[in-house]
Amino acid sequence: MGKTNTEDYLRMYRQMVRIRTFEDNANQLYLSAKMPGLTHMYSGEEAVAVGLCEALTDTDRITSTHRGHGHCVAKGAAFREMFCELLGKAEGYCRGKGGSMHIADQSHGNLGANAIVGGSMGIATGSALRAKLLGQDDVTVCFFGDGATAQGLLYEVMNMAALWKLPVIYACENNGYSEYTRTDEIAAGSITARAEAFGIEAHQVDGQDVLAVNALARDLVARARKGEGPFFVELMTYRYHGHHVGDINREYYRSKDEEKDWKENRDPIIRFRAHLVSEGIATEEEIEAMNAEIEADAAEAVAYAEKAPYPPADEVDMHVYAD
Amino acid sequence: MRQITLSQAVNEAIAEEMRRDPAVFLMGEDVAEAGTPFKVLSGLVEEFGTARVIDTPISEPGFVGMAVGAAMTGARPIVDLMFGDFIYLVMDQLCNQAAKQHYMSGGKLTVPMVLRTNMGATRRSAAQHSQSLQALVAHIPGLKVAMPSSAYEAKGLMKTAIRDNNPVVIFEDKLMYQDKAEVPEEEYLIPFGEAHVKRAGRDITLIGTSSMVQVAEKAAALLAADGIEAEVIDPRTLVPLDEATLLESVRRTSRAIVIDEGHQSYGVTAEIASRLNEKAFYHLDAPVLRMGAMDVPVPFSPALEDLTVPTPEGVAEAARRLCGGEMIHAA
């Protein structure tokens, strides 16, 4: 186990725990009625965002979804600006104008979450077209869920991406549910076959195994950078919460036994933690210390965001048009 | 001064901007070798190559969405939407994505793109290739709307649109592509939000957009024969709108007709008339009239289609009644 791998592994573990911790705090803010509106939890899917984003640089772009906190953290965002945005505060990433479903973090290449299911597929593919047109070597990862494979836009842009060999990776997070409906009720046939029909190389990977996701991502990102794209990845994962934080009673569409099985036997953080310990990369004590530090960071950021000021009224009609 | 067609003016504007800025590129259906069905873009692919003049599949939401993403990350796309009627296909990309990125990101993201498309009936193209949908676009905060009324405006507005850091939709009238006007050889831009007084007059103000500027000018000529002096104003952009020039004129003439080829109800004419009523009420001697297209899908038969759009005779007749003191309710 080389030093570089050790650092990479610990950073991946840290990022997964940061996502889970962020979501636990966001859920608490909702439950205690401190957060305006609703939000969609990424808990359970951490290995997907982290495995992919750890293969990217800050100049690489991503587009995110309504379930986007995980992508945002994984791409390098800070807790403080994220919590401020969730609470509609002026110091948020979008000065409180976007909220949970529209966080964008330009400095780390996050082109933003999108509240239209599948709404950012054109944006991601256009970002890749720009890279090719202007001779830039960045890669764009387009995150979307299994539910978004029902949108026609995906097939239009995959066609163009394949025709023009664009450096884009379509990352389909298949968490088994399209809002409140089982995916097998809304998606006929194979999801990867949809991409293969356009001649796009497609892979399916265990989205609960951060090392498997990251190994595949590193390979595909390097190849996309060389002009061998586009690629398609279906990441098999699971959503621990409901469609949104208010979706509490969900036994009409999935059982508690199923949820229990994924949480106890396939959790990406528990699995990777065991791997780190068994490989001697970190001790239980070191991991506990890291978890505690992240929890303290989150608590500090939440406290800061709660006290932070709202945007002044004169910002309501600011940023409609750029200068 | 030389005269060129509106089509040549658009072509020149795009070519000049593509020479000036390597981030500018064109995409759309049949924009390269075909140069669009109206041949507006002919010759550009020969100069700039297929990397910057990109023929797309018939996937309007896809390529408009891609233009949004390219614009958000540093390119300056000009998207060609073959018919204005196809705007309905791209509403999510235009209104939910392009229009809102700057605001939703608190000013961090910008979408410097141009969507060039067209409008206008009486080409016998029936209900799905004849609509004038500028009001739909002008309704959405974050989008700008330009409506060139001649080759001169088409060139100057297009160049300004390409340099603007916001999504701009330009509607060209399909029937005007071969119309010639004086266009200087030397470079010029037309700023957005500056109306142009095409004809001065003291009795009534005729505000027309795009092709309706010609209708208003012809109506003004008819009225002159009756001793009525009509002022004709072309707002040139709907968003931003040069309210000051319109108000100054109407406060002077005390009467106004607003003419636009979009449907009359809930349309461009309604918006402008409403602003004049709100801000020039005490100067008015008559209600501000709206003259838009009839509220029917555009019919195919020439006998019917010609009835649906404002005409110079219709505008002149309405103006005579307003100037004669009739408080008419509809034209």
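Placed above this text is the structure.
Residues numbered from 1 in each chain as written. Chains lettered and ligands numbered in written order. Predicted model: local features only at pLDDT ≥ 70, side-chain atom pairs only at ≥ 80, totals over all residues.

Q: Please clarify how the overall build of chain B should be interpreted in this entry.
A: The number of helices and strands found in chain B is 12 helices and 14 strands. In terms of overall size, chain B behaves like a compact globule, its C-alpha atoms giving a radius of gyration of 20 Å where 331 residues would be expected to give roughly 20 Å. Classification of the 331 residues of chain B by burial places 57% in the buried group. (Helix = DSSP H or I, 4+ residues; strand = E, 2+ residues; numbered from the N terminus. Rg over C-alpha atoms; globule rule 2.2 N^0.38 Å. Buried ≥ 20, exposed ≤ 12 C-beta atoms within 10 Å, placed from the backbone.)

Q: Would you mind showing me how to read the packing of helix α2 (residues 46-53) of chain A against helix α9 (residues 210-225) of chain A here?
A: Two packed helices can be described by the angle between their axes and the distance between those axes. Residue and element names in this part refer to chain A. Interhelical geometry of α2 versus α9 gives an angle of 35 degrees and a closest axis separation of 8 Å. Handedness of the α2/α9 crossing: right-handed. Along the contact surface, α2 presents Ala47, Val48, Val50, Gly51 and Leu52, while α9 presents Val210, Val213, Asn214 and Ala217. Of the residues in the contact of α2 with α9, the class split is 7 nonpolar, 2 polar and no charged. (Axes fitted to C-alpha atoms, helices over the stretch in contact; angles between N-to-C directions. Left-handed = near helix turned anticlockwise from the far one by under 90°. Contact = placed C-beta atoms within 7 Å. Nonpolar A, V, L, I, M, F, W, Y, C, P; charged D, E, K, R; others polar.)

Q: Explain the sheet that holds strand β4 (residues 76-80) of chain B here, please?
A: Either a parallel or an antiparallel arrangement is found when strands of a sheet pair, and the pairing is made through backbone hydrogen bonds. Residues and elements named next belong to chain B. Ordered by their spatial adjacency, 7 strands build an open sheet running β3-β2-β4-β5-β7-β6-β12, and the pairing between neighbours is mixed. Each edge of the sheet is formed by a strand with only one pairing partner; in this case those strands are β3 (53-55) and β12 (237-239). Neighbour-to-neighbour, the strand axes of this sheet turn through a mean angle of 20 degrees, independent of strand direction. Pairing of strand β6 (residues 144-146) with strand β7 (residues 168-173) involves 3 bridges; the strand directions are parallel. For Ala146, the partnering residue across the bridge sits in β7 and is Ile170. (Pairing = 2+ DSSP bridges.)

Q: Sorry, what's going on with the sheet that holds strand β6 (residues 201-206) of chain A here?
A: Residue and element names in this part refer to chain A. The strand order across the open sheet formed by 5 strands is β1-β2-β3-β7-β6, and the pairing between neighbours is parallel. With one partner strand each, in any of the chains shown, β1 (61-63) and β6 form the two edges of the open sheet. Averaged over all pairs of adjacent strands, the angle between strand axes in this sheet comes to 20 degrees, irrespective of strand direction. Pairing of β6 with strand β7 (residues 231-236), which is carried by 6 bridges, proceeds in the parallel orientation. Counted as the bridge partner of Val205 is Leu235 from β7. Here α9 sits on the sheet and contacts β3 (168-174), β6 and β7; the angle it forms with β6, its principal contact strand, is near 160 degrees.

Q: Teacher, can you tell me more about the nonpolar core here?
A: Across soluble globular proteins, nonpolar side chains have a tendency to be buried as a group. Residues Ile169(A), Leu206(B), Ile257(B), Val315(B) and Ala319(B) are the most contacted members of the largest nonpolar core, which totals 192 residues. Ranked by residues supplied to this core, first place goes to helix α1 (residues 3-31) of chain A with 10 residues. Split by domain, this core shows at least three residues from each of two domains, domain 1 (3-182) and domain 2 (196-323) of chain B. Ignoring sequence-local partners within four residues, the contact set of Val315(B) consists of Leu206(B), Val215(B), Ala216(B), Ala219(B), Ile257(B), Ile259(B), Met291(B) and Pro310(B). (Core = buried A, V, L, I, M, F, W, Y, C linked by C-beta atoms within 7 Å. Domains from an automatic or database assignment.)

Q: For this particular structure, what's the right way to read the pairing of strand β2 (residues 24-28) of chain B?
A: Within a regular beta strand, the side chains point alternately toward one face of the sheet and then the other, so they alternate between its two faces. Residue and element names in this part refer to chain B. For β2, a buried count of 5 out of 5 residues is recorded, marking the element as mostly surrounded by other parts of the structure. Residues Val24, Leu26 and Gly28 point to one face of β2 and Phe25 and Met27 to the other, with burial holding for every one of them. With 5 bridges joining them, β2 and β4 adopt parallel strand pairing. Across the sheet, the residue bridging to Val24 is Arg76, located in β4.

Q: Please clarify how the interface of chain A and chain B should be interpreted in this entry.
A: Interfaces are often described in size by the accessible area the parts lose on coming together. The interface of chain A with chain B comprises 33 residues on the first partner and 37 residues on the second. Broken down by secondary-structure element, the contributors of at least two residues to the side of chain A that touches chain B are α5 (121-133) and α6 (152-163) of chain A. Here the side of chain A that touches chain B is built from residues that sort into 16 nonpolar, 11 polar and 6 charged.

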